[in-house]
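Notes for the structure review
One-letter residues, chain by chain:
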Amino acid sequence: MQPPKKTYTLQEATKKLEHYCAYQERSHQEVRQKLEGMNMIPEAIDVIIIHLLEHNFLNEERFAKAYVSGKFKMKNWGKSRLTYELKRKDVSKVNIITAIDEISDEQYIEVFNSLAKKKVDAIKETDKWKKKRKFVDYFLRLGWESYLVYDKANELIK
């Protein structure tokens, strides 16, 4: 027999979600899923989300900027992948554009060029076409724009 699921009062759930959002930036979707996982009713979920928004625990623009900054710096994701992942988290188009625009073009190209150089040196393939394929696949998977990737592949692999 399973133990009964823990239930939360509105105040308990609100406190718990305040801590959840204070620990790290969260998307609206993550907060809603967390509350649903706590078996909160839809009316209570709406009340808590409004409270979190009013008290600035939840801010979609701030989340988008933090997410983009982190994934770009730590995982070297390109703009396509960043946009795709934010869309999956139901972030609004305006906030996606704002967050992506935080990355300067110079910094973006600099990171790409440095990554490309490292990747070319790391691919231990002798066949030029297979090496290009591996290079291109890697960068497209990370969400870098195809025109950048193909130009760089042709420049570095001859």
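The following refers to the structure shown. Since the model is a prediction, treat every value here as computed from it, not as a measurement.

All right, on to the packing of aromatic side chains then. Counting across every chain of the model gives 9 aromatic pairs. Look at Phe63 and Tyr67: their rings are 5.6 Å apart centre to centre, the planes differ by 35°, and that puts the pair in the tilted class. Here Phe63 and its partner Tyr67 are both found in helix α4 (residues 60-75), 4 residues apart, which amounts to about one turn of the helix. One exposure class covers both Phe63 and Tyr67, and it is buried.

What follows concerns the environment of Lys132. Checked against the element boundaries, Lys132 lands in helix α8 (residues 128-141). We classify Lys132 as buried; its relative accessible area is 12%. C-alpha separation for the pair Lys132 and Asn59, spaced 73 residues apart in sequence, amounts to 42 Å. Look past the residues within four positions of Lys132 in its chain and what remains in contact with it is Ala153, Asn154 and Ile157.

For any two helices packed against each other, one specifies the inter-axial angle together with the distance between the axes. Two elements in contact, α4 and helix α6 (residues 93-100), have axes separated by 8 Å at closest approach and are oriented at 40°. As summarised for this structure, α4 and α6 are arranged oblique, according to the angle between their axes. Our pair here, α4 against α6, has a crossing hand that is right-handed. Where α4 abuts α6, its residues Glu60, Glu61, Ala64, Lys65 and Val68 lie against Asn95, Thr98, Ala99 and Ile100. Residue composition of the contact of α4 with α6, by class: 4 nonpolar, 2 polar and 3 charged.

Definitions and limits used
- Residues numbered from 1 in each chain as written.
- Predicted model: local features only at pLDDT ≥ 70, side-chain atom pairs only at ≥ 80, totals over all residues.
- Heavy atoms only, no water.
- Phe/Tyr/Trp six-rings, centres within 6.5 Å; stacked < 30°, edge-to-face > 60°.
- Helix = DSSP H or I, 4+ residues; strand = E, 2+ residues; numbered from the N terminus.
- Buried < 20%, exposed > 50% of the residue type's maximum accessible area, 1.4 Å probe, protein only.
- Contact = heavy atoms within 4.5 Å.
- Axes fitted to C-alpha atoms, helices over the stretch in contact; angles between N-to-C directions.
- Parallel < 35°, antiparallel > 145°, perpendicular 65-115°, else oblique.
- Left-handed = near helix turned anticlockwise from the far one by under 90°.
- Nonpolar A, V, L, I, M, F, W, Y, C, P; charged D, E, K, R; others polar.

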